Amino acid sequence: MSGWVFHVDLDEFLAAVEVRRRPDLAGRPVVVGGRGDPTERGVVATASYAARDFGVGSGMPLRVAVRKCPGAVFLPVDKPAYDEASAEVMAVLRALRWDGDPVDVQVLGWDEAFVGLAPGADTDADTGAHADGRDPQVFADRIRAEVLAATGLHCSVGIGDNTLQAKIATDFGKPRGTHRIGDDSWVAQMGHRSPRALWGIGAKTERRLAEVGVTTVSGLAGADPEVLDAVFGPSTGPWLRSLGRGRGATRVDPTPWVARAHGREETFQEDL
């Protein structure tokens with residue numbers, strides 16, 4: 001049995017950081033995006049759950065968001081504040097110990113990371129098989145509690161036998177909860193769902209799969225390899241099939257990610 005992998009995802013991160021420094025906003029619809037002025041051109045970066053109840057979502061033009069939720073509080077993006085809050089959370093995760101053993105943390109972005117036992121932490125170095133007695137649910141609850149106590153931010157935690165399963169499980173646990181998807185429950189929980197439910201598959205790939213008769217995760221797992229290779233190529237085809245079978249990395253990679261480039265965007269207020 002592979003070692004447990006945890007996916008930690010901060011709930012409504014940007015909005016939560018704003019509420020943390022302005023507690024009077026708690027429970028109110030908060031929209032973060034652009035310069036915080038819904039009369040200007042700009043898009044929603046994050047909406048609080050209260051704002052999402054009105055249909056406001058990430059990537060939506062601010063002008064549309066204010067029509068959907070005129071009572072929302074609109075705030076500008078404050079990247080330094082989010083960088084600082086993210087660093088606080090990652091420091092908490094790196095300091096965690098599971099039954100006295102250290103963990104590795106693989107940062108995926110501002111608001112999410114994988115967590116898993118470090119090699120040699122009472123595990124088999126080759127297979128990652130963990131010692132009996134470790135309860136992943138108890139540890140997931142500890143992660144949520146310690147992040148909240150140290151930073152005032154809520155998170156959800158997905159539990160899996162690999163990174164793919166843990167990442168997908170998080171969405172089932174949101175908000176402020178946990179969920180587990182493992183090898184033993186993969187087919188029952190995911191088999192009937194659209195391939196779009198898999199991490200890494202978007203709308204375009206979903207449409208192309210449907211064209212060859214693949215409309216479920218189980219269907220993808222059992223798809224003819226030659227058909228997938230013909231449509232997607234000899235590298236992507238096998239990868240897609242492995243997604244359908246719930247395969248992912250069983251080890252968390254703590255290697256710091258080094259950006260190859262940095263992007264910057266600006267929404268012009270008038271047509272050029």
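Cut-off values and rules
- In this numbering scheme, every chain counts its residues from 1 along its sequence in written order.
- Totals for whole chains, interfaces and linings use all residues, but because this is a predicted model, local features are given only for residues with pLDDT of at least 70 and pairs of side-chain atoms are given and counted only at 80 or more.
- Working from all heavy atoms in the structure, the side-chain values ignore hydrogens and water.
- Here a pair means two rings of Phe, Tyr or Trp (six-membered ring of Trp) with centres within 6.5 Å. Their orientation is stacked below 30 degrees between planes, edge-to-face above 60, and tilted elsewhere.
- Each helix is a run of H or I in the DSSP string that is no shorter than four residues. Each strand is a run of E no shorter than two, and both are numbered from the N terminus.
- When accessible area is computed with a 1.4 Å probe and restricted to protein chains, residues below 20% of their type maximum are described as buried, those above 50% as exposed, and intermediate ones as partly exposed.
- Where helices are involved, their axes are fitted lines through C-alpha atoms of the stretch in contact, as for all axes, and angles between N-to-C directions lie from 0 to 180°.
- The labels follow the angle: roughly parallel below 35 degrees, roughly antiparallel above 145, roughly perpendicular from 65 to 115, and oblique for the rest.
- Handedness of a crossing follows from how the near helix is turned relative to the far one, being left-handed for an anticlockwise turn of less than a right angle and right-handed for a clockwise one.
- Contact criterion: two residues are considered in contact whenever any of their non-hydrogen atoms come within 4.5 Å of each other.
- Amino acids are sorted into nonpolar (Ala, Val, Leu, Ile, Met, Phe, Trp, Tyr, Cys and Pro), charged (Asp, Glu, Lys and Arg) and polar (every other residue, Gly among them).
- When DSSP finds at least two bridges between two strands, those strands are taken to pair.
- Salt bridge, as applied in this entry: a Lys or Arg side-chain nitrogen positioned within 4 Å of an Asp or Glu carboxyl oxygen.
- Here a polar contact means two N or O atoms within 3.5 Å. Within protein one must be a hydrogen donor candidate and the other an acceptor candidate, and residues neighboring in sequence count only if both atoms are side-chain atoms.

Enquirer: I tried to follow the packing of aromatic side chains on my own but got confused; where do I start?
Expert: The full count for this structure, using the stated rule, is seven aromatic pairs. Plain terms: the ring middles of F6 and W98 are 5.4 Å apart, the flat faces sit at 75° to each other, and that makes the pair edge-to-face. Within this pair, whereas F6 is found in strand β1 (residues 5-10), its partner W98 is found in strand β5 (residues 97-98), the two being separated by 92 residues in sequence. Classification of F6 by relative accessible area gives buried; the value is 0%. Overall, the relative accessible area of 4% leaves W98 in the buried class. Ring geometry for W98 and F139: centres 4.6 Å apart, planes at 5°, overall stacked. Taken together, the residues W98 in strand β5 and F139 in helix α5 (residues 136-151) connect sequence positions 41 residues apart.

Enquirer: What is the right way to look at the packing of helix α10 (residues 225-232) against helix α11 (residues 236-244) in this model?
Expert: Relative orientation and spacing of two packed helices are given, respectively, by the angle between their axes and the distance between those axes. For the pair α10 and α11, interaxial distance at closest approach is 7 Å and the crossing angle is 125°. The angle between α10 and α11 places the two elements in the oblique class. With respect to the hand of their crossing, α10 and α11 are arranged in right-handed fashion. Here P225, L228, D229 and F232 of α10 come into contact with α11, specifically with T236, G237, P238, L240 and R241. Residues belonging to the contact of α10 with α11 are distributed by class as follows: five nonpolar, two polar and two charged.

Enquirer: Help me understand unusual backbone geometry, please; the structure alone is not making it clear to me.
Expert: Keep in mind that most residues, glycine aside, have a negative phi and that most peptide bonds are trans. Cis geometry marks the peptide bond from K174 to P175, where omega comes out at -10°. Relative to the elements of secondary structure, P175 occurs in the loop between α6 (163-173) and β9 (178-181). We note that D99 has phi near 55°; this positive angle belongs to a residue other than glycine. Relative to the assigned elements, D99 resides in the loop between β5 and β6 (101-109).

Enquirer: Could you clarify how one ought to interpret the sheet that holds β5 in this entry?
Expert: Taken together, the six strands give an open sheet; going across it, the order is β5-β6-β7-β1-β8-β9, and neighbouring strands pair in mixed fashion. The two strands at the open ends of the sheet, each matched to only one other strand, are β5 and β9. Bridge count for β6 against strand β7 (residues 112-117) is six bridges, and the pairing is antiparallel. Note on β7: the bridge partner recorded for Q106 is F114. Where α5 meets the sheet, its contacts fall on β1, β5, β6, β7, β8 (155-160) and β9, and the angle it forms with β8 comes to roughly 160°.

Enquirer: Looking at this structure, I do not really get the sheet that holds strand β3 (residues 46-47). What am I missing?
Expert: Sheet strands associate in pairs through backbone hydrogen bonding, adopting either a parallel or an antiparallel arrangement. Spatially, the three strands line up as an open sheet ordered β3-β2-β4, and their pairing is mixed. Both edges of this open sheet fall to β3 and β4 (73-75), since each of them pairs with a single strand only. The sheet strands contacting helix α1 (residues 13-21) are β2 (30-32), β3 and β4, and the helix crosses β2 at an angle near 115°.

Enquirer: Help me understand the pattern of salt bridges, please; the structure alone is not making it clear to me.
Expert: A side chain of one charge can pair with a side chain of the opposite charge if their charged atoms are brought near each other. Taken as a whole, this structure holds 16 salt bridges when the rule is applied. Where D78 meets R21, a salt bridge forms, and the shortest distance between an N and an O atom there is 2.8 Å. Here R21 lies in helix α1 and D78 lies in the loop between β4 and α4 (79-94), a separation of 57 residues in the sequence. For D78, a relative accessible area of 24% corresponds to the partly exposed category. Looking at R21, the relative accessible area reads 44%, which means it is partly exposed. D101 is the salt-bridge partner of R134, the closest N and O atoms lying 2.4 Å from each other. In this pair, R134 sits in the loop between β7 and α5 while D101 sits in strand β6, placing the two residues 33 residues apart along the sequence. As far as the burial class goes, R134 and D101 line up, both buried.

Enquirer: Can you help me understand α10 in this one?
Expert: Owing to its 3.6 residues per turn, the α-helix brings residues three or four apart onto one side. A distance of 2.9 Å separates the backbone nitrogen of E226 from a side-chain oxygen at the start of α10, and that oxygen is part of D224. At the C-terminal side of α10, G233 shows a positive phi close to 100°.

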